[in-house]
Each structure stands twice: as C-alpha cells, then as structure tokens.
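Here's the letter readout for the chains.
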Amino acid sequence: MRAPTDLPRRRRPSNRVGLVLVGIVAFVLLLLAISLRGIAGFYTDYLWFGELGLSSVWSGVLGTKVGLAVAFTIAFFLIMWINLAIADLIAPRFRPMGPEEQVVERYHAMVGPHGGLVRIGVAVLFALVAGPGASGQWNSWILFRNRLPFGASDAQFDRDIGFFVFQLPFLKFVVDWLFAAVVIVLIVTAVAHYLNGGIRFQTPLQKVTPQVKVHLSVLLAVLALLKAVGYYLQRFELVYSTRGVVQGAGYTDVKAQLPALQLLIFISLFASALVLVNILRRGWVLPVAAVGLWALVSVAAGTAYPAFVQQFRVRPTESDKERPYIDRNIRATRAAFNLRDTKVNNFDYSTDLNAAALEDNQETIRNVRLWDPPVLEDTYKRLQEIRNFYQFDDVDVDRYGITGSGRTTQILIAARELNVAGIPSPSWVNQHLVYTHGYGVVASPANAVAPDGNPDLLVRDIPPQSSETKLRLETPAVYYGPATGGYAIVNTKQREVDYTDASGTNRTSTYNGVGGVRMSSWYRRAALALRFGDPNPFISGFITPSSKAIYIRDIDDRVRKAAPFLKYDSDPYPIVYKGRMLWIYDAYTTTSRYPYSERADTTRLAGVSGLNSNFNYVRNSVKVAIDAYDGTMTYYVMDSNDPIVRAYQKAFPKLFTDGSRMEPELREHLRYPEDLFRVQTNMYGRYHMLDAAEFYNNTDAWEIAQAPGAVGNATSVVGAGGQIVASREPRMVPYYLLTRLPDEEDEEFLILQPFVPLSRDDSRKDLTAFVVAKGDPDNYGELEAFVMPRQQQIDGPALVNARVNQQPEISQQITLLNTSGSKVILGNLLLVPVERSLLYIQPLYVRSEATPLPQLKKVIVVYSDQVVMRDSLQGALTEIFGSAPSTLEQVPVGETPPPLPSPDGTPPITVAPGPG
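All residue numbers refer to positions counted from 1 along the written sequence of the respective chain. Totals for whole chains, interfaces and linings use all residues, but because this is a predicted model, local features are given only for residues with pLDDT of at least 70 and pairs of side-chain atoms are given and counted only at 80 or more. Side-chain calculation: all heavy atoms of the structure are included, whereas hydrogens and water are not.

Undergrad: Could you give an account of the overall build of the protein chain, with specific residues and numbers?
TA: Only runs of H or I of at least four residues qualify as helices and only runs of E of at least two qualify as strands under DSSP, and these elements are numbered from the N terminus. Along its length, the protein chain carries 25 helices and 35 strands. Three exposure classes are used, based on accessible area relative to the maximum for each residue type with a 1.4 Å probe and protein chains only: buried under 20%, partly exposed in between, and exposed over 50%. Looking at the protein chain residue by residue over its 916 residues, the buried ones come to 54%. Any pair of residues with heavy atoms lying within 4.5 Å of one another is described as a contacting pair. For the protein chain, restricting intrachain contacts to residue pairs at least 6 apart in sequence, the fraction spanning at least 24 positions comes to 69%. Here the open area of atoms and residues is found with the Shrake-Rupley method and a 1.4 Å probe, where only the protein chains shown may cover a residue. Put simply, the protein chain shows about 40300 Å² of open surface, and 56% of that area lies on carbon and sulfur atoms.

This is the structure in structure tokens:
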C-alpha cells in the first residue's frame with residue numbers, strides 16, 4: 001500500500017542547531033584550555049620559586065596583590081551596600097502619583113521582594129570594577145608598610161625624605177580612590193532614591209524628601225572633606241614641580257601655589273560645613289554656593305594667580321627669584337644621584353711625558369685596551385664558536401691576576417652559550433633533551449695580540465684549555481645566560497651533548513646540579529606541558545621521575561621575575577670563580593619621589609636598561625651572582641645606607657644576603673656599572689656647578705665628549721636656563737681601564753668618561769674634564785673628576801680624531817690597507833691619563849672580505865702634537881718617546897711601512913662604540 005500523501009512530513013533537525021551546539025562546546029573547551037594553561041603557569045611559577053628557595057617572595061608579592069584587591073573590593077562593597085541599604089530604609093511609604101511613577105512602578109513590580117538581592121548585586125558589580133585595580137599598588141604598599149627614615153629632611157616642609165618616598169604615594173592613591181568611590185556611590189545612591197520615590201523631578205510638591213536630603217548632604221560633605229585631604233597632600237607634591245627652572249618647588253610654587261592650596265583646604269572644609277548646615281534649611285542654595293565658591297577659588301587662586309606670578313614677577317628677574325630654589329635642587333640632585341662626595345682634582349696638564357715616566361707607568365701601558373668588544377666578538381665567533389649550536393652574545397671587560405707574575409691584567413671574556421637555531425636535526429628531543437647547554441668561555445688580555453693579528457687567547461677551545469689557574473673551569477656547562485632561552489629537560493634517558501671532539505664523536509654528560517623543577521608526578525608533567533605549550537614533556541618516554549625541567553633560563557627574565565621591584569643593568573658579565581662560571585648582574589633601587597631632585601637624563605642608555613625609566617634617585621644597592629650551571633641566585637646588598645633596599649630587605653628577608661658575606665675573591669670581580677655611570681655623568685655635566693647663579697647661566701656646564709668619527713645621530717643636551725637643545729653628534733660611551741691615576745701609587749680598575757664644554761652648535765670639542773668611578777674593593781664606588789686648566793685649550797677626542805685623519809702618512813697607509821679585498825675598521829679612540837699628560841690610543845683592524853675575521857694590524861698614538869701609527873702600541877710609543885715598556889703584543893716592532901699608494905680608495909669603517 002502507498003502511504004497517504006496528505007500526512008505531515010517529519011522535519012529533519014536543523015543544521016543550525018547543531019552548529020550552535022558545536023560552537024558552544026568549542027568555546028567552553030577553549031575557555032577551559034586557556035584557564036588550565038593559566039593555572040599551570042601559576043603552579044609552575046610556584047614550583048620555580050620553590051626551586052630557588054624564594055617561595056616567600058612569591059607568596060609575599062602575590063599575597064600583597066590579592067590582599068589589596070580583596071581589601072579595596074570589600075571596602076567599596078561595604079560603602080555601596082550601606083548607602084543603598086540606607087536609601088531603602090528611608091524610602092517614603094507612599095509615592096506620589098505622577099508621570100514618572102509608571103516607570104518606577106514597573107521597576108518595583110519586577111524587583112518585588114528581591115530588593116535585598118538587588119542591593120547586593122549592584123554593590124558586588126561596582127566593587128568588582130573599582131576594587132581589583134588596587135592590586136597595581138602592591139609595590140607602593142610594600143614600601144609604605146616597611147618604610148624607614150632617610151635621616152635627611154626636605155628643604156620646604158622639613159619632613160624626612162622617607163615620607164615622600166614611602167608614604168606619600170600610597171596615601172595619595174587611597175585618598176584619590178576614596179574620592180572616586182564616593183562620587184560613584186553618590187550617583188548610584190541618588191538613582192536608588194529616585195527609584196524609591198525620595199526624589200521627584202516632575203511634581204509641584206517637595207522634590208526631595210528631608211531624609212534623602214540628609215543622606216545626600218552627608219555624602220557631599222564627605223566628598224568635600226576628602227578634597228581637603230587631597231589638597232593637603234597636594235602641598236607636598238609641589239616638591240616635584242616642573243614649573244620653574246629646575247625640578248622642585250620654585251618661587252611661584254612656594255609664594256603663590258602653596259598659599260592657594262592652603263586656601264583651597266579651608267574652602268573645602270568650609271564647603272563641607274555649609275553642606276551639613278544646609279540640612280536644616282530648605283532648598284540647595286548653600287551647597288550650590290559652596291561648589292561655586294570652591295570653583296572660583298580653584299580657578300582664580302589655584303591657577304590664574306600662580307600663572308600671573310610666574311609671568312610677571314618671576315620671569316623678569318628669574319635668576320634672582322629662583323636662586324634659593326636652584327640651590328635646593330643642586331643639593332638634592334647631588335645627594336639623590338650619589339654625586340655629593342665626588343672628589344674634584346685639578347689636572348695640571350703638561351707635555352713633558354718621557355720614556356722614564358712611561359716605564360714608571362708600565363702596568364698602565366701593558367693594560368691599554370687594544371681590542372674593542374664589538375670587534376673582538378666577531379673575532380671570537382670566527383675562531384672559537386667551533387660548532388653552529390654555540391654562540392657568543394657579548395664580550396665583557398674584567399681583570400684577573402696572571403699566574404706567576406701576580407700582575408693584575410685587564411681581560412676580555414665571553415661565554416659560549418647555546419644557539420638553539422644551530423642545533424642539528426632540530427627535533428624536540430634534540431632541542432630540549434640532548435642539546436641543552438653552552439660550554440665554557442673564551443678570554444684574552446685586552447692588550448695581547450698574536451703574531452697573526454688575532455687575540456692571544458688565555459682560555460680557548462672545547463673543552464676549555466687554560467694555563468691560568470683563576471681562569472680554569474671545572475664546571476664549564478652553561479645552562480643559564482642572557483642569550484639562553486626556551487626550556488631544557490635534564491636527567492632523562494637521553495644523555496646531553498657537551499661538545500663534539502676532533503674525531504666527530506659527541507662527548508656527553510648527565511646534569512648533576514641543583515637547578516630545575518623535578519618532574520616527579522604526572523600532574524607536574526602536565527602543568528609543565530601546558531606552560532610550554534607542548535605535549536611532549538607529558539607523553540615522552542625519555543622522561544623519568546628523576547628528570548628536571550629547567551626554564552626561565554634567560555638571566556634577564558630570571559632576575560626580574562625573582563625580584564620585580566628592582567631595576568636591572570643592561571650588561572651582565574661572566575666571571576670564572578673557583579672553577580665555575582657566574583654571571584654578575586647589577587641591580588638598582590630607584591624612585592621618582594625624591595624631593596627637589598632633577599629627573600634623570602637617560603638619553604645614552606640602551607633600550608633594554610632597567611634605568612631607562614622615570615626616576616630622580618638611584619643606588620646600585622644590589623649585586624646578583626647567578627651560577628651559570630645550576631641557576632642559583634644570590635642577591636647581595638652592597639649599600640646598607642640605602643633606605644629603599646633596606647625596606648625591601650625588611651619585606652623579603654630570605655631574598656637578600658648581606659654584602660659583607662661576599663667572599664673577597666668574588667668581590668675582586670665587581671665593577672662599577674656602566675648604566676649607572678652614564679646616568680651620573682649625564683647629570684654631572686651641570687651638577688658639578690655648586691653656585692646657583694653659575695648653574696642658571698651654565699657658565700661652566702659640560703657635556704659628554706663627542707664620539708670620534710661618528711656623526712649624524714642627534715641626541716639631546718641641556719642648554720642655558722635648562723631648555724633642551726639639539727646636538728648633532730653622538731656622545732662617547734664610557735670605557736673601563738686598568739690604570740694609575742695622577743698622585744696614586746697603584747693601578748686601579750675604573751671606568752672613565754671625557755667631557756667637553758656645553759655648546760649649542762656642538763662647536764666646542766676641547767677637553768674640559770674627565771670623570772672616573774673606581775671599581776676595586778678598597779675604593780669601590782668613589783667618583784673623581786679631573787678638571788683641565790682653564791687657561792689652556794686641550795684637544796678633546798673629536799679634535800684628536802680630526803688630526804689623525806689629516807695626517808697624510810696615516811691616511812695613505814689606511815688607503816693601502818683598505819684595498820685588495822680588505823676593509824679597515826677603526827677602533828674606539830681611548831683617552832689614557834699618564835702622570836699629568838694624556839695619551840690618545842686607537843687600534844686599527846683589517847678584515848678580509850673573503851674571511852671576515854677582524855685582525856689588529858696597526859695602533860695609532862697621539863701625544864701632544866705628535867701623531868704616529870705603527871704595527872704595535874709599543875712601536876708607536878717608541879717612535880714618540882724613544883723607548884717604551886713592553887706590552888703583551890707579539891707583533892714585531894719597527895717594521896718598515898709598505899709603499900704608499902695614491903690617496904684614493906674606500907673609506908675605513910669606524911667601529912660602533914661598545915660597552916667597556
């Protein structure tokens with residue numbers, strides 16, 4: 001039988017419904033995956049801090065963030081809920097009928113008996129918006145809670161500086177937060193009163209009930225009181241004013257703005273009283289009058305009057321009016337940047353240097369740096385990377401005692417780190433289980449040159465070979481470093497490759513350090529797999545319960561995660577210490593809240609520097625020693641006079657170690673950090689002047705000497721009156737020297753920066769001074785300025801460079817070397833003080849285009865009016881002085897220069913200035 005055609009057809013399920021369900025499931029799974037990964041990251045962070053023994057830091061920072069978020073959320077909830085409850089409590093029993101009542105009736109019909117839940121819901125909603133953001137103030141709260149006195153007072157209010165650094169920022173945040181919170185509560189409460197019938201706009205009767213008027217008046221009075229407290233705290237903020245010539249409260253701030261703020265405090269208190277008095281009166285005349293009076297005084301006294309004083313009283317006689325405040329700024333800035341104790345020496349420049357004086361300073365000559373770090377990095381890469389899975393990321397300057405002679409020698413050193421991009425057959429096993437670490441270091445004296453023009457290596461090859469005891473590595477594997485990223489899993493069923501020997505055989509080992517998080521359970525493996533975004537740590541059969549995951553291996557990320565409240569230098573450096581390799585990281589405490597101190601000039605800092613920020617106080621209070629094998633970190637407190645680091649030490653006692661416990665052999669490798677020295681010398685160019693009138697007129701202002709041979713990159717310098725003027729030429733970078741200063745008995749390891757007079761058009765290039773910072777343990781941190789005679793014009797580095805370029809013999813030899821497939825690289829021009837004279841020394845390298853390996857071929861020496869270029873430093877000095885001390889060069893002295901070609905050819909390369 002045929003089915004009847006008139007029966008209803010069965011509908012097929014719509015595809016749309018299925019797609020919607022699939023979408024919902026996918027979204028839920030995605031949300032779950034994101035949440036799981038976040039939870040895994042949280043858990044593995046906890047394991048990482050536990051591995052380092054710093055769980056208290058993790059819980060301390062996290063607990064502070066959570067505590068602030070919860071406290072301010074609860075506070076806002078209570079403020080809102082109490083006011084909404086009051087609004088319901090004083091609601092009128094009978095609501096007058098009117099055109100507005102229909103909307104209100106519908107609201108009450110919808111809410112019905114659930115009014116209490118609505119109050120809670122509204123309070124919770126607003127609290128979750130306003131409260132959690134307070135967690136961002138965790139650092140301010142830590143400093144507030146652990147505050148300590150500075151032992152010095154500000155010049156205006158005579159309060160301890162600790163109040164401004166530790167207390168004022170958090171107090172100001174609390175007052176501003178409370179004011180915003182009460183404004184929100186006032187608006188929401190007014191809406192609640194409207195819905196309850198206590199406020200009516202379209203009625204001929206009473207528009208606001210007396211009870212509602214009392215409630216809103218109290219809230220307005222609280223706002224006025226909070227404004228008064230805000231004005232009171234704003235008085236102290238004047239010490240950071242930028243209105244005047246320098247930072248800090250100037251004439252207008254003290255004579256006009258401060259009285260205006262005091263008047264506004266009184267007006268705010270008066271307005272609060274008027275609002276409360278208005279409770280007893282009909283209407284809102286008094287509150288409106290109070291707000292109008294406050295607005296008038298705020299504009300007239302708080303803005304117009306100070307602007308009038310600045311324009312018509314200060315500017316016509318600015319130097320006289322601002323003098324006492326400039327003096328405050330000078331004293332505060334010198335204290336904040338640790339420039340106050342800089343020793344100033346007159347450098348009695350002479351040109352009577354002779355061979356006997358050179359011999360008397362033979363250690364200085366022996367340690368003149370002939371290898372620039374950027375050039376030597378290229379050379380190390382060509383000679384000593386050996387395998388593609390190794391890399392040199394940086395070359396750093398240090399000093400070591402040479403075996404036998406006992407003489408301290410300036411050394412250039414680089415760590416051979418892992419290059420993940422060069423791993424052969426980059427499978428997951430190879431990248432994370434087999435090729436897990438770099439291996440060893442390379443080091444050479446800064447002055448040593450082999451006969452072929454290459455550096456004379458003290459540590460070389462794989463495994464590292466060295467005849468120097470202090471440079472001998474017993475644990476050469478490098479698992480942590482500034483160029484070591486990603487993660488590694490060690491103690492697996494796969495052995496790790498250390499290096500490949502001459503026969504092509506891989507030499508392997510198994511990790512036996514304390515570093516790494518043990519993968520001892522399935523949930524740890526799962527959490528780590530989620531963190532890394534890779535299932536292999538969870539499913540790989542090579543991993544055992546004894547395996548460890550090593551992550552956050554980049555030491556820059558490592559130190560910042562362990563102590564995020566410190567600022568860090570841009571140039572950590574490796575040292576060999578008791579057979580192990582350590583990284584030394586300089587850490588700083590900073591604040592922008594030091595009264596009257598000028599904001600730091602950070603124009604010459606690298607972008608990655610932690611000091612590339614807004615601050616007006618800095619101390620190099622902490623040195624971090626990081627073991628390159630097991631990743632352990634020790635935060636040594638080196639400046640116990642710094643109240644900020646002492647506050648952090650009080651908050652996190654397990655993180656810090658007293659600097660007195662640092663072993664002397666480790667202390668010998670500390671050096672004055674370059675980033676800090678750049679900031680200090682930037683500031684010292686003006687802040688060496690102690691007289692306010694001289695400071696205002698920039699009578700004796702200095703700026704960093706122009707970089708020789710480098711033009712085209714604009715920087716900023718301070719002009720007359722404090723304004724910024726453009727400089728057409730970049731500045732010299734500071735560099736490390738092992739030298740003996742005038743009137744000193746021994747050589748010292750120090751960092752040096754030359755200065756020239758400040759000029760708007762960059763025309764002044766004569767040397768006016770040089771500043772050094774000492775790095776040896778006995779005198780660590782001492783700053784000294786050597787000022788040139790004012791009656792003499794002494795060539796600065798840029799002028800000396802111009803004289804070198806004008807020498808026909810030198811330019812022709814450079815032209816010859818710059819042909820036939822070779823390229824000349826001119827190294828950094830170094831100013832080296834010897835007795836009361838100055839030597840300028842510049843290395844010259846030649847790089848073949850076929851094998852781009854820079855080799856040292858010539859050395860240029862400039863002394864007084866003599867310019868000489870020879871095959872070695874000793875040869876050039878001998879040419880000038882008749883004889884010279886021996887150096888570490890192995891280049892024959894006195895070779896006859898090659899015949900000179902015609903002066904045409906490509907110009908030489910000028911090496912980019914490098915650190916050290």
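Undergrad: Outline the environment of Ile 79, listing residues and values.
TA: As for its position among the elements, Ile 79 is in helix 2 (residues 55–89). Residues Ile 79 and Ala 181 lie 102 residues apart in sequence; the distance between their C-alpha atoms is 8.4 Å. Apart from residues lying up to four places away in sequence, Ile 79 is in contact with Leu 178 and Val 185.

Undergrad: Which residues make up the packing of aromatic side chains, and what values go with them?
TA: When two rings of Phe, Tyr or Trp (its six-membered ring) have centres within 6.5 Å they constitute a pair, described as stacked for plane angles under 30 degrees, edge-to-face for angles over 60, and tilted for the intermediate range. In the structure shown here, the tally under the stated rule is 47 aromatic pairs. Ring centres of Trp 141 and Phe 170 lie 5.2 Å apart, and the angle between their planes is 50 degrees; on these two criteria the pair is classed as tilted. Of this pair, Trp 141 sits in helix 5 (residues 138–145) while Phe 170 sits in helix 6 (residues 161–196), and the two are 29 residues apart along the sequence. Of the residues examined, Phe 170 reaches a relative accessible area of 6% and is grouped as buried. Summarising the aromatic geometry, the rings of Phe 150 and Tyr 594 are spaced 6.2 Å apart at their centres and angled 70 degrees between planes, so their arrangement reads as edge-to-face. In this pair, Phe 150 is assigned in the loop between helix 5 and helix 6 and Tyr 594 in the loop between strand 17 (580–591) and strand 18 (617–627), connecting sequence segments 444 residues apart. A single burial state applies to Phe 150 and to Tyr 594, both of which are buried. Feature note: the residues Phe 72, Phe 76, Trp 141, Phe 144, Phe 170, Phe 173 and Trp 177 constitute an aromatic cluster, connected by ring pairs. Ring-over charges, as used throughout, are those where CZ of Arg or NZ of Lys falls within 6 Å of the ring centre and within 35 degrees of the ring normal. Above the ring of Tyr 573, the side-chain terminus of Arg 671 is found at 4.1 Å from the ring centroid. Above the ring of Phe 695, the side-chain terminus of Arg 686 is found at 4.1 Å from the ring centroid.

Undergrad: Give me the packing of helix 7 (residues 210–237) against helix 8 (residues 251–277): which residues, what numbers.
TA: In this analysis an axis means a line fitted to C-alpha atoms, helices contributing only their contacting stretch, and an angle means the value between N-to-C directions, from 0 to 180 degrees. Contact pair helix 7 / helix 8: the axes reach a minimum separation of 8 Å and the direction vectors enclose 165 degrees. Considering the angle they form, helix 7 stands roughly antiparallel to helix 8. Crossing handedness for the pair helix 7 and helix 8: left-handed. Contact residues: Ser 217, Val 218, Leu 220, Ala 221, Ala 224, Leu 225, Lys 227, Ala 228, Tyr 231, Tyr 232, Gln 234 and Arg 235 in helix 7; Leu 258, Leu 261, Gln 262, Leu 264, Ile 265, Ser 268, Leu 269, Ala 271, Ser 272, Val 275 and Leu 276 in helix 8. If an angle is under 35 degrees, it is roughly parallel; if it is over 145, roughly antiparallel; if it lies from 65 to 115, roughly perpendicular; otherwise it is oblique. Should the near helix be turned anticlockwise from the far one by less than a right angle, the crossing is termed left-handed; should it be turned clockwise, right-handed.

Undergrad: Can you tell me about the packing of helix 5 against helix 19 (residues 643–651), naming the residues and giving the values?
TA: Where helix 5 contacts helix 19, the axes come no closer than 9 Å and their chain directions differ by 95 degrees. Judged on the interaxial angle alone, helix 19 and helix 5 are roughly perpendicular. Here helix 5 contributes Asn 139, Ile 142 and Leu 143 to the contact with helix 19, which in turn contributes Ile 644, Ala 647, Tyr 648 and Ala 651. The class makeup of the residues in the contact of helix 5 with helix 19 is 6 nonpolar, 1 polar and no charged. Throughout this entry, Asp, Glu, Lys and Arg are counted as charged residues, while Ala, Val, Leu, Ile, Met, Phe, Trp, Tyr, Cys and Pro are counted as nonpolar. The remaining residues, Gly among them, count as polar.

Undergrad: Before we move on, could you go through the pattern of salt bridges and cite the residues and values that matter?
TA: Salt bridges, as used here, are contacts in which a Lys or Arg side-chain nitrogen is within 4 Å of a carboxyl oxygen on Asp or Glu. Within the structure shown, the criterion is met by 40 salt bridges. As a salt-bridge pair, Asp 461 and Arg 460 come within 3.6 Å of each other at their nearest N and O atoms. For Asp 461, a relative accessible area of 29% translates into the label partly exposed. The partly exposed category is assigned to Arg 460, whose relative accessible area is 37%. If you follow the salt bridges from partner to partner, you end up with Glu 744, Glu 748, Lys 774, Glu 782 and Glu 784 in one network.

Undergrad: Would you mind going over the sheet that holds strand 14 (residues 548–550) in detail, with residue names and values included?
TA: Pairs of strands are assigned from DSSP output, requiring at least two bridges between the strands. Strand order in the open sheet formed by 3 strands is 10-14-13, with antiparallel pairing between adjacent strands. The strands lining the two open edges of the sheet, one partner per strand, are strand 10 (488–490) and strand 13 (517–518). Note: strand 10 against strand 14, 3 bridges, orientation antiparallel. What sits directly across from Ile 489, in strand 14, is Ala 549.

Undergrad: Any details on the nonpolar core? Residues and values, ideally.
TA: Put simply, a nonpolar core is a bunch of buried Ala, Val, Leu, Ile, Met, Phe, Trp, Tyr and Cys residues held in one set by side-chain atoms that sit within 4.5 Å of each other. Ranked by size, the top nonpolar core spans 250 residues in total, and within it Tyr 551, Leu 566, Val 624, Tyr 635, Phe 656 and Leu 839 carry the most contacts. The leading source of residues in this core is helix 6, at 14 residues. Beyond its immediate stretch of four places on either side in the chain, Phe 656 contacts Phe 565, Leu 566, Val 622, Tyr 635, Val 637, Val 645, Tyr 648 and Gln 649. Counting 9 residues, the second-largest nonpolar core is a separate cluster that includes Leu 186, Leu 216, Leu 223 and Leu 226.

Undergrad: Tell me about the pairing of strand 19 (residues 633–637), residues and numbers included.
TA: Summarising burial for strand 19: 4 of the 5 residues are buried, a large majority. Note: strand 18 against strand 19, 5 bridges, orientation antiparallel. Looking across to strand 19, one finds that Val 624 is bridged to Tyr 635. The loop that links strand 18 with its antiparallel partner strand 19 comprises 5 residues; one of these, Gly 631, has a positive phi angle of about 75 degrees. Pairing of strand 19 with strand 20 (residues 656–658) involves 3 bridges; the strand directions are parallel. By the bridge assignment, Tyr 636 is partnered in strand 20 with Thr 657. Looking down the strands as they point away from you, a crossover is right-handed if its path from the first strand over the helix to the second goes clockwise. Remark: the strand 19/helix 19/strand 20 crossover connection has right-handed handedness.

Undergrad: Give a description of helix 25 (residues 873–881) that names residues and reports values.
TA: Looking at helix 25, one finds that the buried residues are Leu 873, Gly 875, Ala 876, Leu 877, Ile 880 and Phe 881. Where the residues of helix 25 are buried, they touch helix 12 (355–360), helix 13 (362–366), strand 32 (837–848), strand 33 (855–863) and strand 34 (866–870). Where helix 25 terminates, the next one or two residues include Gly 882, which has phi positive at roughly 95 degrees.

Undergrad: Explain the pairing of strand 6 (residues 441–445) to me, and be specific about the residues and the numbers.
TA: The element strand 6 is largely enclosed, with a buried count of 5 among its 5 residues. Side chains Val 441, Ala 443 and Pro 445 project from strand 6 onto one buried face, and the interleaved Val 442 and Ser 444 project onto a second face that is buried too. One ladder, built from 5 bridges, connects strand 4 (residues 408–418) with strand 6; its direction is antiparallel. Paired with Ala 414 across the two strands is Val 442, which belongs to strand 6.

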